[in-house]
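Descriptive analysis of the structure
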Amino acid sequence: MEDLFVAQLKALRAAALDRHLFEISSSQGPEIQIVARRLINFSSNDYLGLANDPRLRGAAISGINKFGVGAGASRLISGTQSPHARLERALAKWKGTEAALCFSSGYAAALGAIPALVTKNDVVLLDKLCHASLIDGAKLSGAILRVFPHNNVRKLESHLEWTRREHAGKRVLIVTESVFSMDGDHAPLRELIELKKQFDALLMLDEAHAVGVIGPHGRGLAAAEKLSDDVDIQMGTLSKALGASGGYICGSNDLIEWLINRARSFIFSTAPPPAIAAAAIAAVNFLSSSEGEERRLLLWEKIRLMHELLPASDLNRKSNAASSAIFPWIVGDEQAALDLASALQSEGFFVPAIRYPTVAKGAARLRITVTAAHDEDQIRALCDAIQRLSANL
Ligand SMILES: Cc1ncc(COP(=O)(O)O)c(C=O)c1O
């Protein structure tokens, strides 16, 4: 058995696909401490700089003082405490849906929701670049799974035609992300909605990297395009721009009641710590406030600066406006991506290489993310370093 792992690990190392943990001995923020070094962090999803915000910290501390640390039981037994219920009401109000349900992570939300929505003989149509949580949820459901090329609406349409022919009367679920996690581009939401209506399918939209960043008060891409009412299942996470932890599904009362009864990652898992739910409420309240909206607009100033200063590349096309806080520097070769990450680290920047299985083999990249908490000098310094390094490639 041990030999087996040794051989497998050796193979990973030979392919430059071995992965390691970095221990950060500071709180999250634009600067982090790794071992004895302070590095400027351009790899975090804490887009609004809320993970260490005094409002969230204060809410978590009061939450601990009043409700303790652990929830002690699953939500359906005795684990539903007031912060969970209040958070769900706040999320539904913020997203403009009838109801919301919280999970212990975004991963758990996808893993619980998809198998509750579709089952054997139903069909899931999934964008090729969807996050692992959505792929795993779709696989776990046992439904027939068809993948369409990234954002290819024509191919999706032909899958829908095939489904109508071969699986008439079965439930069809289209699954996609609003902002793609490793590429930062948007889904063609309006066209997807036209198709889902034409073929009477359900649409599940993961807004993990859009909430807090896009749309009025950070409500996400569907809200920005005034299409929220046409998205049947709105998924998101509290662990990125909202600075806390946990996942959610927003939608109709019936959808949420069904998930309470059937989503196994919700039913068979201890409720999230109430203090974390309290911190997430503070994040939702902040986003809903004028100060929150200012912070989001500040993030967009930083995004535009980054877009302007980064060298032109396939995904930082100067002709297009920046679409999110994610800037992928696609290198391709795994070892080359590792070398670039370590070159940046020697210059004081933390941007780890993203490799398979997070992205396809041969599509390794540096996934650069900018946050509202970065200052202009930090962004300029990173872009200078990237200019220099890319000139030598
Ligand atoms: C698109 C997408 N969906 C879902 C998740 C899972 O969310 P969480 O980190 O809260 O489990 C992530 C996080 O990496 C993500 O990028």
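Residues numbered from 1 in each chain as written. Predicted model: local features only at pLDDT ≥ 70, side-chain atom pairs only at ≥ 80, totals over all residues. Heavy atoms only, no water.

1. Topic: the overall build of the chain
When helices and strands are tallied, the chain shows 15 helices and 13 strands. Relative to a compact globule of 393 residues, whose C-alpha radius of gyration would be 21 Å, the chain shows 21 Å and is just as compact. Dimensions along the principal axes, computed over C-alpha positions, put the chain at roughly 55 × 55 × 55 Å. Expressed as a percentage of the 393 residues in the chain, the buried residues total 53%. Per element, the accessible surface of the chain, about 17,800 Å² overall, is 52% carbon and sulfur. Where the 43 positive side-chain charges of the chain centre and where its 43 negative ones centre are 3 Å apart. (Helix = DSSP H or I, 4+ residues; strand = E, 2+ residues; numbered from the N terminus. Rg over C-alpha atoms; globule rule 2.2 N^0.38 Å. Buried < 20%, exposed > 50% of the residue type's maximum accessible area, 1.4 Å probe, protein only. Areas by Shrake-Rupley, 256 points an atom, 1.4 Å probe, with all protein chains shown as cover. Lys, Arg positive; Asp, Glu negative; His and termini not counted. Charge placed at Lys NZ, Arg CZ, Asp CG, Glu CD.)

2. Describing the pattern of salt bridges
Pairing between side chains becomes possible if they bear opposite charge and their charged atoms approach one another. Tallied over the entire structure, the rule returns 13 salt bridges. Arginine 165 is paired through a salt bridge with glutamate 166; the nearest N and O atoms lie 3.9 Å apart. For arginine 388, the salt bridge is made with glutamate 347, and the minimal N-O distance between the two is 2.9 Å. Taken together, the residues span a long stretch of sequence, with arginine 388 in helix H15 (residues 376–391) and glutamate 347 in the loop between helix H14 (334–346) and strand S11 (349–350) at a distance of 41 residues. Owing to a relative accessible area of 35%, glutamate 347 belongs among the partly exposed residues under this scheme. Salt bridges linked by common partners bring Asp53, Arg55, Glu291 and Arg295 together as one network. (Salt bridge = Lys/Arg side-chain N within 4 Å of Asp/Glu carboxyl O.)

3. Comments concerning the environment of proline 272
Take proline 272: it is sitting in the loop between helix H11 (264–267) and helix H12 (274–288). A relative accessible area of 13% places proline 272 in the buried class. Taking C-alpha positions, proline 272 is 30 Å from leucine 227, a pair spaced 45 residues apart along the chain. In this view, proline 272 contacts Ala71, His84, Phe103 and Ser104; residues no more than four positions away in its chain are not counted. (Contact = heavy atoms within 4.5 Å.)

4. Here we look at the sheet that holds strand S10 (residues 326–332)
An order of S10-S13-S12 is seen for the three strands of this open sheet, with the pairing classed as antiparallel. Since the sheet does not close on itself, it has two edges, and those belong to S10 and strand S12 (353–354), each with one partner. As judged from the two bridges shared by S12 and strand S13 (residues 364–369), these two strands associate in the antiparallel manner. Bridging from a neighbouring strand, alanine 353 pairs with leucine 366 of S13. Of the strands in this sheet, S10, S12 and S13 touch H14, which is tilted by about 35° from S13. (Pairing = 2+ DSSP bridges. Axes fitted to C-alpha atoms, helices over the stretch in contact; angles between N-to-C directions.)

5. Re the sheet that holds strand S5 (residues 144–148)
Strand-to-strand pairing in sheets goes through backbone hydrogen bonds, with the strands running parallel or antiparallel. Within the open sheet, the seven strands sit side by side as S3-S9-S8-S7-S6-S4-S5. Their pairing is mixed. Each edge of the open sheet is held by one strand with a lone partner, namely strand S3 (99–103) and S5. Between one strand and the next, the sheet's axes are offset by a mean angle of 20°, whatever the strand orientation. Taken together, the five bridges between S3 and strand S9 (residues 247–251) define a ladder with antiparallel strand orientation. Opposite cysteine 102, over in S9, you have tyrosine 248 as the bridge partner.

6. Brief notes about the packing of aromatic side chains
Under the definition given, this model contains three aromatic pairs. Residues phenylalanine 22 and phenylalanine 350 carry aromatic rings whose centres are separated by 5.0 Å and whose planes lie at 85° to one another, so their mutual orientation is edge-to-face. Of this pair, phenylalanine 22 sits in the loop between helix H1 (2–14) and strand S1 (31–34) while phenylalanine 350 sits in strand S11; the two residues are 328 residues apart in sequence, bridging distant segments of the chain. Using a relative accessible area of 43% as the deciding quantity, one classes phenylalanine 22 as partly exposed. (Phe/Tyr/Trp six-rings, centres within 6.5 Å; stacked < 30°, edge-to-face > 60°.)

7. Some details on the site of the ligand
Neighbouring residues of the ligand: 14 residues in total, closest Asp206, His209, Thr237, Ser239 and Lys240. Histidine 131 places a side-chain nitrogen or oxygen 3.2 Å from an oxygen atom of the ligand. Measuring from an oxygen atom of the ligand, one finds a side-chain N or O atom of serine 239 at 2.7 Å. In isolation the ligand offers 390 Å² of accessible surface; the protein chains occlude 83% of this area. (Near = heavy atom within 4 Å. Polar contact = N/O pair within 3.5 Å; in protein donor to acceptor, adjacent residues only side chain to side chain.)

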